[in-house]
There are 2 protein chains.
Amino acid sequence: MDGMSPANQVEPTADPEAVPPLPDAFAARLPLLLSRAGSDLAAFAEPRFAELGITPKDYVALAVLADDEPGSQLELAEACGRAPAMMVSVIDQLAHKGLVARERDPKDRRRSVVRLTPDGTQVLAAADREAERVSAAMLVALSPDEQTQLHDLMHRALRAVAPAPHDGD
Amino acid sequence: MDGMSPANQVEPTADPEAVPPLPDAFAARLPLLLSRAGSDLAAFAEPRFAELGITPKDYVALAVLADDEPGSQLELAEACGRAPAMMVSVIDQLAHKGLVARERDPKDRRRSVVRLTPDGTQVLAAADREAERVSAAMLVALSPDEQTQLHDLMHRALRAVAPAPHDGD
DNA sequence: TATTGTTATACTCTATAACTATA
DNA sequence: TATAGTTATAGAGTATAACAATA
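Residues numbered from 1 in each chain as written. Chains lettered and ligands numbered in written order. Predicted model: local features only at pLDDT ≥ 70, side-chain atom pairs only at ≥ 80, totals over all residues. Heavy atoms only, no water.

Considering the overall build of chain A
Check the secondary structure of chain A and you find seven helices and two strands. Overall, chain A shows an N-to-C arrangement of helices and strands of α-α-α-α-α-β-β-α-α. Burial status across chain A gives 51% buried among its 169 residues. Taking contacts inside chain A between residues at least 6 apart in sequence as the whole, the part at least 24 apart equals 54%. (Helix = DSSP H or I, 4+ residues; strand = E, 2+ residues; numbered from the N terminus. Buried < 20%, exposed > 50% of the residue type's maximum accessible area, 1.4 Å probe, protein only. Contact = heavy atoms within 4.5 Å.)

Describing the confidence of the model for chain A
Residues and elements named next belong to chain A. Per-chain confidence: chain A averages 87 in pLDDT, with 84% of residues scoring 70 or above. Per-residue pLDDT stays below 50 along residues 2-17; that stretch engages in 37 contacts with residues further than four places along the chain or on separate chains. Contacts for the low-pLDDT stretch residues 164-169, under 50 throughout, to residues beyond four places or in other chains number 13 contacts. (pLDDT = per-residue confidence, 0-100.)

Concerning the nonpolar core
Grouped together as the largest cluster of nonpolar side chains are 94 residues, with contacts concentrated most on Leu62(A), Leu150(A), Met154(A), Leu62(B), Leu150(B) and Met154(B). Other than its neighbours up to four places away in sequence, Met154(A) contacts Leu34(A), Leu30(B), Leu33(B), Leu34(B), Ala37(B) and Leu150(B). (Core = buried A, V, L, I, M, F, W, Y, C linked by side-chain atoms within 4.5 Å.)

A word on the packing of aromatic side chains
All names here are of chain A. As enumerated under the stated definition, the model contains two aromatic pairs over all chains in all. Centroid distance Phe 49 to Tyr 59: 4.8 Å. Interplanar angle 40°. Geometry classified as tilted. Here Tyr 59 lies in helix α3 (residues 56-68) and Phe 49 lies in helix α2 (residues 30-51), a separation of 10 residues in the sequence. The residues Phe 49 and Tyr 59 share a single accessibility class, namely buried. For Arg 36, the ring lying beneath its charged end belongs to Phe 26, and the centroid distance is 4.1 Å. (Phe/Tyr/Trp six-rings, centres within 6.5 Å; stacked < 30°, edge-to-face > 60°. Lys NZ or Arg CZ within 6 Å of the ring centre and 35° of its normal.)

Some remarks on the protein's contact with DNA strand D
Among the 20 residues in the neighbourhood of DNA strand D, the closest are listed as Arg109(A), Arg110(A), Gln73(B), Leu74(B) and Arg110(B). Sugar plus phosphate, as a fraction of atoms of DNA strand D within 4 Å of the protein: 77%. Between DNA strand D and Lys57(A), the relevant distance is 3.1 Å, taken from a phosphate oxygen to a side-chain nitrogen or oxygen of the residue. At 2.9 Å, a side-chain N or O of Arg110(B) approaches a base oxygen of DNA strand D. (Near = heavy atom within 4 Å. Polar contact = N/O pair within 3.5 Å; in protein donor to acceptor, adjacent residues only side chain to side chain.)

Concerning the pairing of strand β2 (residues 112-116) of chain A
Residue and element names in this part refer to chain A. Only one face of β2 is covered, namely the face carrying Ser 112, Val 114 and Leu 116; the face carrying Val 113 and Arg 115 is uncovered. Where strand β1 (residues 100-104) and β2 come together, five bridges link them in antiparallel fashion. Note that in β2 the partner of Arg 102 across the bridge is Val 114. (Pairing = 2+ DSSP bridges.)

Regarding the protein's contact with DNA strand C
Around DNA strand C, a shell composed of 20 residues is seen, among which Gln73(A), Leu74(A), Ser112(A), Arg109(B) and Arg110(B) lie nearest. In the interface set of DNA strand C, defined as its atoms within 4 Å of the protein, sugar plus phosphate atoms amount to 72%. Within the side chain of Gln73(A), one N or O atom sits 2.7 Å away from a phosphate oxygen of DNA strand C. Measuring from a phosphate oxygen of DNA strand C, one finds a backbone N or O atom of Ser112(A) at 2.9 Å. When residues of the surface near DNA strand C are traced back to their parent elements, those giving at least two are α4 (73-80) and α5 (84-96) of chain A together with α5 (84-96) of chain B. Residue composition of the surface near DNA strand C, grouped by class: eight nonpolar, four polar and eight charged. (Nonpolar A, V, L, I, M, F, W, Y, C, P; charged D, E, K, R; others polar.)

Right, dumping it as structure tokens:
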């Protein structure tokens, strides 16, 4: 839900049989499995978030604001993994909906400090619940222990993420 | 590597310290972890694939052709998770590079059957090796057993993937 | 002169809907 | 009339580079 890429035309409320089976090519390749998991989550979550008035992109921004307290829009953009210019319209819209507030830093009037409003905190909580439901539906084949295991493995893997060595380096 | 979304401007050969740390907001949310894993994999793999003359999208198509033997372009498109119209240019370019061959089905001349050429098989093998290296670099914090575990969990989860229940349904 | 945020532009990707050729 | 593939068009998303304000 980071890249929150273009949803692969899936109808989330449609009958489950409409979901095409996982091709062998994906089953055999962990990178493809992880990639598809990301797209599917985004596709399934999108309509839920829409009911809350936010996009998957907004969800990421709200979550980062809540948990990482970025000191500027640039820090926020970097944490969200996107270009600073992208953040402008995201913040604009969230501010227009009253979910965040933008204030100039008195110490350095170039910086604008963004913070969650009480409404923003509430919407984030609701979005977290929806994300949780979508995730639970995707992981329904796994036991609770296995879901925890998966979360732990992913957490440890991404904490240490680094570009793969290229040829001789 | 399915959605293979727009690479989040990462310089894969740059020094590892350049990779921003994982925000707490991601660490706490499995859906965000999975989403970011997908984007990161695509971003890191892209330049490697480029050296082989293919895109991440091409990689998916080649893998599906090898493992799932789709009987038509429509089946190929569905397995790749994209619109049929998208497949046309992908196949065009792969065919132009000699990696696949497109032949009309004599039984039903509307269908075009796509198959890997020997060159295509070789490029797929090389791409698989690169994907493996990128994946291994991302999972460097996990033991071999844990990496196998992760693959198994993801496989079982996605095999059963279904849209999340919506409110009352 | 460097940096933060903003604006403007161009480009890529994708979906959608006509169109053709076969059936 | 329906289906496989193709083409064309329009829209969304993004990156890039200029720009303004502040340091």
